[in-house]
Every structure is written in C-alpha cells, then in structure tokens.
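Overview (structure and organization)
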Amino acid sequence: MNITQKIIKDHLVSGNMVAGEEISIRIDQTLTQDSTGTMAYLEFEAMGIDRVKTKRSVAYIDHNTLQSGFENADDHKYIQTVTKKHGIYFSRPGNGICHQVHLERFGIPGQTLLGSDSHTPTGGGIGMLAIGAGGLDVAVAMGGGAYYITMPKVVKVNLIGKLNKWVAAKDIILEVLRILTVKGGVGKVIEYSGEGVKTLTVPERATITNMGAELGATTSVFPSDDVTKAFLKAQGREEDFTYITADDDATYDEEITIDLSKLVPMAAKPHMPDNVDTVKNIGKIKVDQVAIGSCTNSSYMDMMKVAKILKGKTVQEDVSLVISPGSKQVLNMLSQNGALADMISAGARILESACGPCIGMGQSPKTDAISLRTFNRNFEGRSGTKSAQVYLVSPEVAALSAINGYLSDPTELDFDNYVEMPEKFLINDNMVVSPAPEGNDVEVVRGPNIKEFPINTKMTDTVEGKALIKVEDNITTDHIMPSNAKLLPYRSNVPYLSTFCLAPCDENFSQRAKENGGGFIIAGSNYGQGSSREHAALAPLYLGVKGVIAKSFARIHEANLINSGILPMTFVNEEDYDDIDMMDELKIEDAINGVKEKDTIIVKNITKNKEYKVKINLSDRQKDMMVLGGLLNYTKEQSK
Ligand code: MIC
Ligand code: SF4
C-alpha cells in the first residue's frame, strides 16, 4: 500500500477503498481558524453536543486580527468561550498562523486532521492525512461524526536528485503546479516519494503540501521518516513520532518524476498559481511591494534565509517589504538570535504572526503595483487592489528582489543559503488556552455581530428560477465570497456578507438574486476553487440560490454547496453552457424523485424552449441530505 491507503485503511469507517467511491473516515484532530471558526462553532452548538469527541481539536485566531471595529474582537471572545466550554484548545491571537503552529506543536504522523481551512494539508509535511473542509463538516467531525470523501486516486511524485543552492521548496510545488495545473489534483492525493524526499526538511515538505491545495487536490502527503523524527524531537515531541512509508511494491494511479537538481527559481505570474515561469524568463521587472510570510513560507528556516540576504543591506527605496513570521515560536527565535534585528535594520516592516496581507487584511499594494509574495494564491483582487499584479515566489527570491528593487534570481548570489535545522526549537505553549475540564459553567459570550446563519428548507418538487449570473472557468471562492479587511469582520453575519456575493464578477448579482427570489448560477469548469469558506455557499443560500450548473466543481466548494442544500449539477454536454443566457427561466420538474433516483436529470429552459441534461454526482447519503435541505437537517433527522 501507499501512505494514503495506509492512513485511510486505519481510519476507514464505511465504504470500499476504490477510487471514485464514497468512503468515510474517522477524524483524530480538527483545527479551525477565526474566519471560518465562528460559523463552525455556531454549527457545532446547533448540533447540541456537549464535548468534542476528537483526540485533539484546536481553534486558532490568525485571520481576523486587524481589529478596525468591535466585530473581530467579538468573534474572538465568542470562539474563546465556546471552545473552553466544549473541550477545544484555543490558540490566542499572536500565537501564529494555524497551519504553522499546528505543524510545530500538535500534528502527529499517521493521524487524520480535518480543518476548516483549505491549507490544512500543510500537516501532510509530517505524514498526516490532513484535509481542508467546510466548517459544518469540521463541526460534525468534532462531534465524533465520520468525514465523507470520494476515495481519491493517488499520484506519486517521485523526487530525485537534490535542490541546487538558492532553489527552494516553493520552486518544487510551483513546478508541480506548472505540470498539473489548478484543476489537475481534483479527486487525487499527491504523495511524495523517492530519494529526493530525504533532502527536504519538514518545513520544506510543509511548503509543498500546503500549496498542494492550489492543485485542487484532496490533500498531499510526505512519508514520516528520520527527518520527521528529528523535527518532532526538536519540537520536544519525539513521543508523537511513528514511521510511515509506502511499501516497496506500493502502486499508484499516476506518476510524475521531478529532478530537483534541474529546478531553478520560479514564479507564478498573475493571476493564477499555475501560471508558472522561471524568474529568468520573466526578467528583471520593477517591484513595488514584497510580502514574506503566510502559511506557505513563514517557518523559522525560511525566515533565517531571508535574514541572511537582508543582513547589512537596505530595502530599495521604491519597495515596501513586509514580513510576517509564521508563529510566536518563529518570531521569538528570530528575536533571540538577532535575525529579527537584521530584518528591521534592512528596513523590513515587521507584521504580527498572522495571515495578514495574504487574505487582504492590510498591506494592499498601490494601483497597478507589482507585488512579490511568498504566499500561495495570487487571484485577481485578493490583495485588496484589483489592478495589482501579484507574483508568487520563494522567500529567497522575495528577499533579494526587495533589496534590488526588481525581480531577481538568487542563484547568482556568491554566498550559501544553508540554514541548519535547530536541535531544539523554542518551546513555550503559554498562548494556548486549555479547555475547562467541566465546561458546564462556562458562559458563551456572543457579541452583536454574530447573527443567525441560514438553514435551508426541504427541497420542493419543482425547482425553478432564473439564471441569475453566468461566469467563466476557474471562478474562485474569492470571487464568490470576497474576503478583505472590510468584509472578513462579517464572517458571522451572512445577511450583510451576502450583499457582496459574486460582486467581483457582477456587482448587481446580489440585488438581482433578491429581486427574483433566487434562482440558478451558471458556471464554467473548476467552479469554487480555492478556499474552504462555506460562506461561498451560505451567502448564495441566503440569496435564494437553489442550484449551480457548472462544467465542473472544485472539491471543497461542491461539498459546501451540498451541505447547504444547494444542488450542484454538471452539464452532460458542455456546449449547453453556451446556450444559456442570463435571466433565462430554468425549471426542474419532479426534482425530488430525480435527485433521489437518477444520476442525470433534465433542466428545462422555459425562455428558449430547450432542455439540458445535467449530471448530479451525489452519493445516496448526499441525495438524502439534498432532499432534506442540507447537512444540519440531515444530521438532526438521523439523530431522531
Ligand atoms: C484563504 O487562504 O483563502 C483562507 C482565507 O485561509 C480560506 C479560509 C477562509 O476563507 O476563511 C481557506 O483557504 O480556506
Ligand atoms: Fe492564512 Fe493565507 Fe494561509 Fe489562508 S493561505 S491560512 S489566509 S496565510
């Protein structure tokens, strides 16, 4: 067996391990962050379960840390109190980015981790099967419920050779993205193997599994080996270690080989993570902003490489350099060994250990800016500036470019980039609050920003409405439910948030949806790629959207639609997409029977007097869920 199959087999609750079939697995650990967490805990509360049933559940505060009003702080207090009551550890604001801290302090090889954030696969860097999901799925897992996925295909990425000086883990994942594209990982787990694996430290592996999210993959995973053991030992957690490797005769569904020694520094050009080219080919473009950090590249090792380049230099006068070390552990170590001083004296603007600019929480660049970021997503407008051109690069490329003022290839540097992994990281978990042993007395504090979330009603026999919008391929959840400094504070206020639903595609969408009493969304392929935010389903639900007809869907968003009782349908004949115009009147007759009994149903276009065959790719469980109006109704019905 390969690693993926081994971990799934150990956790299998139902189904057969045959690629494409629905299986369910037991979840050992969960994580939430604050921008999806408020909703996840409201949903957990709605399930009426007293204590979490997982081995470890942790709530992080890392996204909504720009407190420009009372809203974020209110959400933090709610999460702090609700977690204390129900048995969940609480990582206070300032302790760091969820994925970085979880890797350092909580992740355990061979265990399963479900997180309400799409970059949860970071945990694959220490051999976890770590999957991103919507908040409701995480709430169910906290309550002890199994997590349902399609048994993935497993892609072996065979790493041979060794990276050259100044070529980074980021360049490996950019190469994988170049080969597989942003939809190449859908329905697959990317499993790393081969001699080259041994040459990569855990933080480097975690950079790769983190950004595997951009492939649309279910997750990515590395073996747990001596390198993993050394990392856990340095984190004072040797007892959490076990070896997990693929059997010699393990089989895979696909295989790719990457020769690490042939890689060079690369960048993902605007506005997609798979739009990859070499730094040399792109050329010495002038740079306005450089941002170093995010869950992809904010480890101690990354920061030390950056400090090495910045030491004794000055950030070029036209560049703003911002750095956010990934965790309190990282920041503390940098401050103790002097590396932070090197960054500061070079002119870097040091930000707190949080997501920050990665999700548009501050540091939006100037109009038409060229911004180099060590992050994982460069979708148009995500930085908060629509006209900005964001390039995704390694920390090494970022740091050198900040000094030079133009995109620079660090392989030309005449010193070494080697940074030794510390034998002991600085361990101080004082920013993690333990849950109350008996939660009964804890009062959950709910500020005025926390509004009720929408719950769907049962499906009706005729589902009808207008085609409210028609969008192209690769629409991200950042388009469907934008997130930035102005909107993130309203993650617990779906009515307000919904007024911005799909606004980057069409700012009148929300108004139109309301005026027409809801309807349908028509989309191209890979609809809903990117984040796990279930708000991209809850806001359309609030606006009365009943179904989405697309050429194909991204995994987490499709699951979130189903959980909300919004019917995802795919065109049997993709040309039908061209036939539908906005405001066409669409109708599904005998919908309940169709959804329950059939795999393809008919959507009538009343305006054009045409019919389209659409596929409904639902398991029997999901069909029941759909008819009942979503996962919460289904869970309640099951527990009757
Ligand atoms: C992101 O990187 O897009 C986010 C913000 O972390 C999201 C979660 C969210 O929208 O709150 C994700 O990746 O799931
Ligand atoms: Fe935070 Fe950015 Fe990572 Fe999302 S991708 S968890 S916003 S750092």
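Our subject in this report is the structure included herewith.

What counts and what doesn't
Residues numbered from 1 in each chain as written. Chains lettered and ligands numbered in written order. Predicted model: local features only at pLDDT ≥ 70, side-chain atom pairs only at ≥ 80, totals over all residues. Heavy atoms only, no water. Helix = DSSP H or I, 4+ residues; strand = E, 2+ residues; numbered from the N terminus. Rg over C-alpha atoms; globule rule 2.2 N^0.38 Å. Buried < 20%, exposed > 50% of the residue type's maximum accessible area, 1.4 Å probe, protein only. Near = heavy atom within 4 Å. Nonpolar A, V, L, I, M, F, W, Y, C, P; charged D, E, K, R; others polar. Pairing = 2+ DSSP bridges. Axes fitted to C-alpha atoms, helices over the stretch in contact; angles between N-to-C directions. Core = buried A, V, L, I, M, F, W, Y, C linked by side-chain atoms within 4.5 Å. Contact = heavy atoms within 4.5 Å. Patch = residues over 30% accessible without salt bridge, like charges linked within 9 Å, V, L, I, M, F, W, Y side chains within 5 Å. Areas by Shrake-Rupley, 256 points an atom, 1.4 Å probe, with all protein chains shown as cover. Salt bridge = Lys/Arg side-chain N within 4 Å of Asp/Glu carboxyl O. Lys, Arg positive; Asp, Glu negative; His and termini not counted. Charge placed at Lys NZ, Arg CZ, Asp CG, Glu CD. Polar contact = N/O pair within 3.5 Å; in protein donor to acceptor, adjacent residues only side chain to side chain. Parallel < 35°, antiparallel > 145°, perpendicular 65-115°, else oblique. Left-handed = near helix turned anticlockwise from the far one by under 90°. Phe/Tyr/Trp six-rings, centres within 6.5 Å; stacked < 30°, edge-to-face > 60°.

Turning our attention to the overall build of the chain. Within the chain, the regular secondary structure consists of 22 helices and 27 strands. A compact globule built from 640 residues would reach a C-alpha radius of gyration of about 26 Å, and the chain, at 23 Å, matches this within 12%. For the chain, the C-alpha atoms occupy an extent of roughly 70 × 55 × 55 Å along the three principal directions. Burial status across the chain gives 64% buried among its 640 residues.

To continue, consider the site of ligand 2. Near ligand 2 the following residues occur: H63, H99, D117, H119, S294, C295, C355, C358, I359, N376 and R382. Split into classes, the residues belonging to the shell around ligand 2 amount to four nonpolar, five polar and two charged.

Read from one edge to the other, the open sheet built from three strands follows the order β1-β2-β8, with strand pairing classed as antiparallel. Two strands bound the open sheet, and with one partner strand each, they are β1 (12-14) and β8 (147-150). Taking the axes of each pair of neighbouring strands and ignoring which way they run, one obtains an average angle of 45 degrees across the sheet. Pairing between β1 and strand β2 (residues 22-25): two bridges, direction antiparallel. Residue pairing in the sheet places S14 in a bridge with S24 of β2.

Let us now look at the nonpolar core. Of all hydrophobic cores here, the largest spans 97 residues; its most connected members are I25, F509, I522, Y527, L567, M569 and I588. Top contributing element to this core by residue count: helix α5 (residues 135-142), with six residues. In this view, Y527 contacts V471, I475, I480, L502, I521, V548, A550, S552, F553, A554 and H557; residues no more than four positions away in its chain are not counted. Judged by nonpolar contacts, the second largest core, of 59 residues, contains A130, V330, A346 and A402.

This part is about the pairing of β8. Burial along β8 is one-sided: Y147 and I149 are buried, and none of Y148 and T150, which face the opposite way, are. When β2 meets β8, the two strands line up antiparallel, connected through four bridges. Its bridge partner lying in β8, E22 is registered against T150.

Together, E472, D473, E574, E575 and D578 make up a negatively charged patch on the protein surface. When you line up the elements, D473 lands in the loop between β21 (463-470) and α14 (477-480).

Before going further, it helps to spend a moment on the site of ligand 1. Taken together, 14 residues sit near ligand 1, with S35, D117, S118, S532 and R533 positioned nearest. At a separation of 2.5 Å, an oxygen atom of ligand 1 approaches a polar side-chain atom of S35. Contact with the protein chains removes 97% of the 330 Å² of surface that ligand 1 exposes when unbound. Looking at the shell around ligand 1 residue by residue, the class counts come to one nonpolar, eight polar and five charged.

Another aspect to go through is the pattern of salt bridges. Counted by the stated rule, this structure contains 32 salt bridges. For K55, the salt bridge goes to D28, with nearest N and O atoms at 3.3 Å. In this pair, K55 sits in the loop between α2 (34-46) and β4 (56-60) while D28 sits in the loop between β2 and β3 (29-32), placing the two residues 27 residues apart along the sequence. On the basis of relative accessible area, D28 is assigned to the buried category, the value being 2%.

Reading across from one edge, β11-β10-β9-β12 is the order of the four strands in this open sheet, with parallel pairing throughout. A single partner strand is all that each edge strand has here, and the edge strands are β11 (219-221) and β12 (254-259). When strand polarity is set aside, the average angle formed by the axes of neighbouring strands in this sheet is 20 degrees. With three bridges connecting them, strand β10 (residues 188-193) and β11 associate as parallel partners. What sits directly across from E191, in β11, is V221. Taken strand by strand, helix α6 (residues 169-180) contacts β9 (153-160), β10 and β12, and its axis lies near 135 degrees from that of β12.

Take the side chain of H86 next. Mapped onto the secondary structure, H86 falls in helix α3 (residues 70-86). When sequence neighbours within four positions are dropped, the list of residues in contact with H86 reads F44, E45, I49, D50, R51 and V52.

Two elements in contact, α6 and helix α7 (residues 202-211), have axes whose closest approach is 8 Å; the angle formed by their N-to-C orientations is 30 degrees. The angle between α6 and α7 falls in the class roughly parallel. Where α6 crosses over α7, the handedness of that crossing is right-handed. Residue-level contacts link A169, K170, I172, I173, L174 and L177 of α6 to E204, T207, I208 and M211 of α7. Of the residues contributing to the contact of α6 with α7, the split by class is seven nonpolar, one polar and two charged.

A word on the side chain of D117. Mapped onto the elements of the fold, D117 is located in the loop between β6 (112-115) and β7 (129-132). Buried within the structure, D117 lacks any salt-bridge partner; R377 is the closest side chain of opposite charge, at an N-O distance of 6.1 Å. Only 3.0 Å separates the side chain of D117 from the backbone nitrogen of H119, close enough to count as a polar contact. In contact with D117, other than residues within four places in its own chain, are Q33, H63, H99, G132, A133 and S532.

Scanning all chains against the criterion turns up nine aromatic pairs. Geometrically, the ring pair formed by W166 and F415 is edge-to-face, given 5.5 Å between the ring centres and 90 degrees between the ring planes. Of this pair, W166 sits in the loop between β9 and α6 while F415 sits in the loop between α13 (395-404) and β20 (432-433), and the two are 249 residues apart along the sequence. Note on W166: relative accessible area 0%, which makes it buried. With a relative accessible area of 29%, F415 lands in the partly exposed category. Taking the centre distance of 6.3 Å and the plane angle of 85 degrees together, the rings of F571 and Y577 count as edge-to-face. Using a relative accessible area of 6% as the deciding quantity, one classes F571 as buried.

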